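Below, each chain spelled out in residue letters.
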Amino acid sequence: MRGFHGNSHYRNALYGNERGSFLSKKLDTEVGSYITPAFFSVVIAIFIMTMFLMIFLTIYMDERTKHQHTLQQAIFHSSTEAIFITNEEGNILSINEKGEEFFHIKKQEVSGKPITNFLSFLTKFSSSPQDQMYSTVFVNDKQYRICVNITKATFEFMEQYIISVRDVTKEHLQKKQLEEATNRYRSLFDVSPLSIVLHKGEEIISVNARFLKMLQFEHEKEIVGRNITEFIDKSQRQHIKNRIEQFMKLEDEGSFFIDEVKVKTNQNHQLSVQATSIVIIINGENYIQTITQDVTENHRAKETLQ
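Residues numbered from 1 in each chain as written. Predicted model: local features only at pLDDT ≥ 70, side-chain atom pairs only at ≥ 80, totals over all residues. Heavy atoms only, no water.

### Notes on the packing of aromatic side chains
- Scanning the model with the defined rule gives 8 aromatic pairs in all.
- Seen in terms of ring centroids, F102 and F103 are 4.9 Å apart; in terms of plane orientation they differ by 85°. Their pairing is edge-to-face.
- Relative accessible area serves as the criterion here: at 8%, F103 is assigned to the buried category.
- Taken together, the ring pairs in this structure connect F84, F102, F103, F118 and Y144 into an aromatic cluster. (Phe/Tyr/Trp six-rings, centres within 6.5 Å; stacked < 30°, edge-to-face > 60°. Buried < 20%, exposed > 50% of the residue type's maximum accessible area, 1.4 Å probe, protein only.)

Below you can see the structure in the form of structure tokens.
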């Protein structure tokens, strides 16, 4: 029995070895069937293509970065506006030639200094930059009105702020003068003892108190926006329309015409009115200012004398 069992163990061990050897050979054969020269060729080709793609992308991104940098530098140096470049802390990294000229400073003198030394109102711009702001600065004891634009940008993995400064002193003065002139005109318009209506083409834009009183209206809103010819007698409307059309085509101020027209008031009373119209140009557009005088009583007096 012992011999029988011994032989049995021997046969199992031998069978196990043979089976393991068979499985190992089978596995090697299966793996070998995949790892062929063609397989290696494909892997190598993919590897080479990946390397070439990485090299191409690296070169492309590098060239693109250089191109963007060149473009930025060209804009920076050729700009007609003063431009500062600062870091996140607000310290100046660079300034262009226009900035040196406007602020009477040199790049090497301001590099590393706080931008607030020159634009004191930019106290918290780095945390919440505004798109545009206006302020007043003094340069060599001379006052300037400036418009400031701030743009946040990332260059070479570093946050920077591009601060452009435009001198708007002339525009500011012109705007102020225009506002003052408009206010003076409005004051004269409102207190004038003459009845005045301002219209663009046939549309009424504004009237003064005397004009409202003449046509027996209480408020300006009752008449503004309406067609001026609707207050004129039907027999004269086409004539006035033609006059207005001619005036709207004129390119120079100062032209005028005088007409006597019959107008209808808000209470359906008919008046005889002498109208003197003159072209005025506002913001490049033609308007007509018409000064009117009620001559109804004059006509009645003449009729009575006759």
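### Examining the sheet that holds strand β8 (residues 256-264)
- Taking strand neighbours across the sheet as the criterion, the 5 strands line up as β7-β6-β10-β9-β8 in an open arrangement whose pairing is antiparallel. Each edge of the open sheet carries a strand with a single partner, namely β7 (203-207) and β8. Adjacent strand axes in the sheet meet at a mean angle of 35°, parallel and antiparallel pairs treated alike.
- Summarising the sheet, β8 and strand β9 (residues 270-282) pair through 9 bridges and their orientation is antiparallel. Paired with I258 across the two strands is T276, which belongs to β9.
- Sheet strands in contact with helix α8 (residues 296-305) are β8, β9 and β10 (285-294), and its direction is about 140° off that of β9. (Pairing = 2+ DSSP bridges. Helix = DSSP H or I, 4+ residues; strand = E, 2+ residues; numbered from the N terminus. Axes fitted to C-alpha atoms, helices over the stretch in contact; angles between N-to-C directions. Contact = heavy atoms within 4.5 Å.)

### Brief notes about the pairing of strand β4 (residues 142-155)
- Two strands pair when backbone bridges link them, and strand β3 (residues 132-139) and β4 are joined in this way by 8 bridges, in the antiparallel orientation. Bridging across to β4, Y134 finds its partner in C147.
- Linkage of β3 to β4, two consecutive antiparallel strands, is achieved through a turn of 2 residues, within which N140 is found at a positive phi near 50°.
- Judged from the 10 bridges that link them, β4 and strand β5 (residues 158-167) form a sheet pairing that is antiparallel. Bridge pairing in β5 places I146 opposite D167.

### Quick look at the nonpolar core
- Within the largest apolar cluster, 22 residues are counted, with the highest numbers of intra-cluster contacts made by I204, V207, F211, L215, I223 and V263.
- Listing elements by their share of this core, those giving two or more residues are β7, α6 (209-214), α7 (234-248), β8 and β9.
- Membership of the second largest hydrophobic core comes to 21 residues, among which are I92, F103, I115 and Y144. (Core = buried A, V, L, I, M, F, W, Y, C linked by side-chain atoms within 4.5 Å.)

### A short note on the confidence of the model for the protein
- With 76% of its residues at a pLDDT of 70 or more, the protein has an overall mean of 80.
- Scored below 50 in pLDDT, residues 9-16 makes 0 contacts in the model with residues more than four places away or belonging to other chains.
- When the criterion is pLDDT under 50, residues 22-28 qualifies, and its contacts beyond four places in sequence or with other chains add up to 0 contacts. (pLDDT = per-residue confidence, 0-100.)

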